[in-house]
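Understanding the architecture of this molecule
In case you want the letters, here they are:
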Amino acid sequence: MGRYIVARLIQSIPVLILVSVISFGIMKLVPGDPATLIGGPSATPAELDVIRQNLGLDQPFHVQMWKFYAGLAQGDLGTSLLLGKPVLEATIERIPVSLSIALYSMVLTLLIGLACGVVAALNRNGWADQGAMIFALIGVSLPNFWLGLMLIILFSVHLGWLPTGGYVPWQESFYGWLRTSTMPAVSLALLQIGLLARITRSTMLEVLRQDYIRTARAKGLPEFVVIGKHAFKNVMIPVITVIGIIFSVLLSGSLVIESVFSVPGVGSLLGSAVLRRDYPMIQGGLLLVAWSLLLLNILVDVLYAYFDPRVRYDHGR
Amino acid sequence: MTTAVDAAAVAVRKRTFLQRYPVVRRLIRHKAFVVGAALFAIIVFVAVFADWITTADPNRMAIRFRFRPPGGEFLFGTDNLGRSIYARIVHGARLSLAIGLAVVVMNAVFGVALGAASGYFRRLDNVLMRVTDALMAFPPILLALGIAAALGPSSMTAAIALAAVYIPRTARIVRASVLVVREMEFVQAALAMGASNWRILRKHVLPNCMAPLIVQLTFVFAFAVVTEATLSFLGLGSPPPTPTWGNMIAEGRQYIRDAAWITLIPGLALATTVLSLNLLGDGLRDVLDPRLKISQD
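What you are looking at is a predicted structure, and each value in this text was computed from that prediction instead of being measured.

Here's the deal with the packing of helix α6 (residues 85-120) of chain B against helix α12 (residues 210-233) of chain B
Residue and element names in this part refer to chain B.
- Close contact between α6 and α12 brings their axes to 8 Å; oriented N to C, the two are set at 135 degrees. The orientation of α6 with respect to α12, classified from their angle, is oblique. Judged by the sense of rotation from one axis to the other, the crossing of α6 with α12 is right-handed. In contact with Ser96, Leu97, Ile99, Gly100, Leu101, Val103, Val104, Asn107, Ala108 and Val112 of α6, α12 contributes Leu213, Leu217, Val220, Phe221, Ala224, Val225 and Glu228.
- Of the residues belonging to the contact of α6 with α12, the class tally is 13 nonpolar, 3 polar and 1 charged.

Let's talk about the side chain of His91(B)
All names here are of chain B.
- Position of His91 among the secondary structure elements: in helix α6.
- A residue is classified by how much of its surface remains accessible, and His91, at 14% relative accessible area, is buried.
- Filtering out sequence-adjacent residues up to four positions away, His91 remains in contact with Ala50, Asp51, Thr54, Ala56, Pro58 and Pro243.

Considerations on the packing of aromatic side chains
- Under the counting rule described, the total for this entry stands at 13 aromatic pairs over all chains.
- Between Phe76(B) and Tyr86(B), the ring centres sit 5.6 Å apart and the planes meet at 75 degrees, which makes this aromatic pair edge-to-face. Of this pair, Phe76(B) sits in the loop between α5 (50-53) and α6 while Tyr86(B) sits in helix α6, and the two are 10 residues apart along the sequence.
- Its relative accessible area of 26% is what places Phe76(B) among the partly exposed residues.
- An aromatic cluster is built from Phe24(A), Phe68(A) and Tyr69(A), whose rings are joined through pairwise contacts.
- Over the aromatic face of Tyr120(B) sits the side chain of Arg182(B), whose NZ or CZ is 5.7 Å from the ring centroid.

Focus on the confidence of the model for chain A
- Confidence in the prediction for chain A averages 84 pLDDT; 96% of positions are at 70 or higher.
- Put simply, helix α13 (residues 309-316) of chain A is where chain A has its lowest mean pLDDT, 58, and helix α7 (residues 144-158) of chain A is where it has its highest, 92.

A closer look at the nonpolar core
- The biggest cluster of nonpolar side chains holds 150 residues, and the ones touching the most others in it are Val19(A), Phe145(A) and Val205(B).
- Among the elements that make up this core, the one with the highest residue count is helix α10 (residues 223-260) of chain A (14 residues).
- Beyond its immediate sequence surroundings of up to four residues, Val19(A) is in contact with Leu287(A), Ala290(A), Trp291(A), Leu294(A), Ala134(B), Ala137(B) and Phe138(B).
- Counting residues in each nonpolar core, the second largest holds 6 residues, with Cys116(A), Met133(A), Ala136(A) and Ala197(A) among its members.

Section: helix α1 (residues 2-26) of chain A
- For α1(A), spanning 25 residues, the distance from its first C-alpha to its last is 36 Å, which sits close to the expected 36 Å at 1.5 Å a residue.
- The sharpest bend along α1(A) reaches about 30 degrees and sits at Ile13(A), with the proline Pro14(A) one to four residues further on.

Side note on the interface of chain A and chain B
- Chain A puts 46 residues into the contact, and the matching count from chain B is 48 residues.
- When the two sides are added together, the surface that chain A and chain B hide from each other amounts to roughly 4000 Å², 77% of it contributed by carbon and sulfur.
- Where chain A touches chain B, the interface holds 1 salt bridge.
- The partner of Arg198(A) in a salt bridge is Asp282(B), and the shortest N-O contact between them spans 2.8 Å.
- Across the side of chain A that touches chain B, the residue classes tally to 34 nonpolar, 7 polar and 5 charged.

Section: unusual backbone geometry
All names here are of chain B.
- For the peptide bond that leads from Pro240 to Pro241, omega is 5 degrees, which places it in the cis range.
- When you line up the elements, Pro241 lands in the loop between α12 and α13 (245-252).
- You will see that Phe67, though not glycine, has its phi angle at about 55 degrees, which is positive.
- Counting through the fold element by element, Phe67 comes out in the loop between α5 and α6.

Conventions we followed
- Residues numbered from 1 in each chain as written.
- Chains lettered and ligands numbered in written order.
- Predicted model: local features only at pLDDT ≥ 70, side-chain atom pairs only at ≥ 80, totals over all residues.
- Heavy atoms only, no water.
- Axes fitted to C-alpha atoms, helices over the stretch in contact; angles between N-to-C directions.
- Helix = DSSP H or I, 4+ residues; strand = E, 2+ residues; numbered from the N terminus.
- Parallel < 35°, antiparallel > 145°, perpendicular 65-115°, else oblique.
- Left-handed = near helix turned anticlockwise from the far one by under 90°.
- Contact = heavy atoms within 4.5 Å.
- Nonpolar A, V, L, I, M, F, W, Y, C, P; charged D, E, K, R; others polar.
- Buried < 20%, exposed > 50% of the residue type's maximum accessible area, 1.4 Å probe, protein only.
- Phe/Tyr/Trp six-rings, centres within 6.5 Å; stacked < 30°, edge-to-face > 60°.
- Lys NZ or Arg CZ within 6 Å of the ring centre and 35° of its normal.
- pLDDT = per-residue confidence, 0-100.
- Core = buried A, V, L, I, M, F, W, Y, C linked by side-chain atoms within 4.5 Å.
- Expected span 1.5 Å × (residues − 1).
- Bend = angle between axes of the 7 residues up to and from the residue.
- Buried area = accessible area lost by both parts, 1.4 Å probe.
- Salt bridge = Lys/Arg side-chain N within 4 Å of Asp/Glu carboxyl O.

The following block contains the structure:
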């Protein structure tokens, strides 16, 4: 297992480097002079020179790249133009907000998605199956930012149950956190619930056809033991991989949802950076999010290998 | 003898279209596919004949008609500037589908080229796949936003950003198919007969990788339509007053308390388009690539 983890980490090094090159390169795609875009049409030549000096744009490309990597090695991703703070600090401050909503969404996704998938598989072609699959299909098709707005119309404007936006940390008030996080979490979760329900259903149907399930039933085991112990454990193996993907999608989807609900998380930070052309923030934010997701994927692979030893052996060959 | 051969030829000619193309027969028996295809055909019709379906200018402002609810003179109501939401929805369909199609075409060209090169020429595989791994490490919407922010907001930028996001995913799928097909006996036979790599790829390998590619491109279309709307919603797609569904939802957001239809109707149009493409994709996958079947069993 230890060898597998080390191999997986070594494999990811070129990808981590390439991700940093892409993050650096994207901001060099800017047509024309980025200083003009940042300073706006009213900026004087002297002001533009200051912006260029601050961003290091007056230096040759290779020097800019060298400085970028030298800063990276010291944990310095530059300073946000809008906030006047180091990018790393500004991002780390907001991680707990995004993470708490992503985790809430994850819990909703797992509870509802797995339940829908299992119920649909156990009642194959019945009304519960049709209903769960229609729900899943609608979930997959609704744009999450629009769903968020519809939830605001229903639960905030008409019913007045939940606030239209904002965020209360759970350390301050759990009830306040629940009130402010529920609509963003549901908007994020619905698409993932649909995906997970569909995958769980097909995996469950596959597992129910296996010989060991027939054997378990032939032994006279009660149905809930057959499903809960023998089938569900095996359903979870491919589902773990999907959960990794789902978590990364939840984190990235929060970018739009946080703007809709005015949640002060990493997503809204990057969203406002993009709109106001805060290039150091966009560059650093892209890199941090991509690296975090890569590490998350490695963690998922390790978990997968732990639950399914065949993966480790295949890898070793 | 001749008579028997003639009779067989007549029998073959008499076979109906559906008998000759069993894939088509299976597709029209797939309920989800039929519903998706019908819905999508209506949306394509609306997009193509937008100028005939509504003669109203989608950008014509009439302040005295602002905030008219759906019904009566204005089928879908009017927005905060008195523009007809019906006209904007119809013209918005054209732009959404055009961007979706552009992304699909770019994916079909570059995704197939990258995937085929990676799967067939093993020396290129490691380099190309590490690059796709790195691009896929970015969450799709974040990478699209980064590219759109760098290039500036426009329909063209949105299409390029979305293509860049999905090409690595398409390349991965094509590569996986090429890896399987290149080991098959008919490919080895062609190689032994002296066929060039280009000919083998074009005539033998790629035609056998079409099924998963078609399925993938259908889903790329759906993703592109949603992500383009998301970019427009965030102010990084086609700039206002271009009638895109994402722009309409963003503009209606301020009036959500008193004029919810401004946000509701473009969202429904968007959701219907994505639903139709998902149904189409599910049907195509079940029929063309049954190994990945998840919608019906």
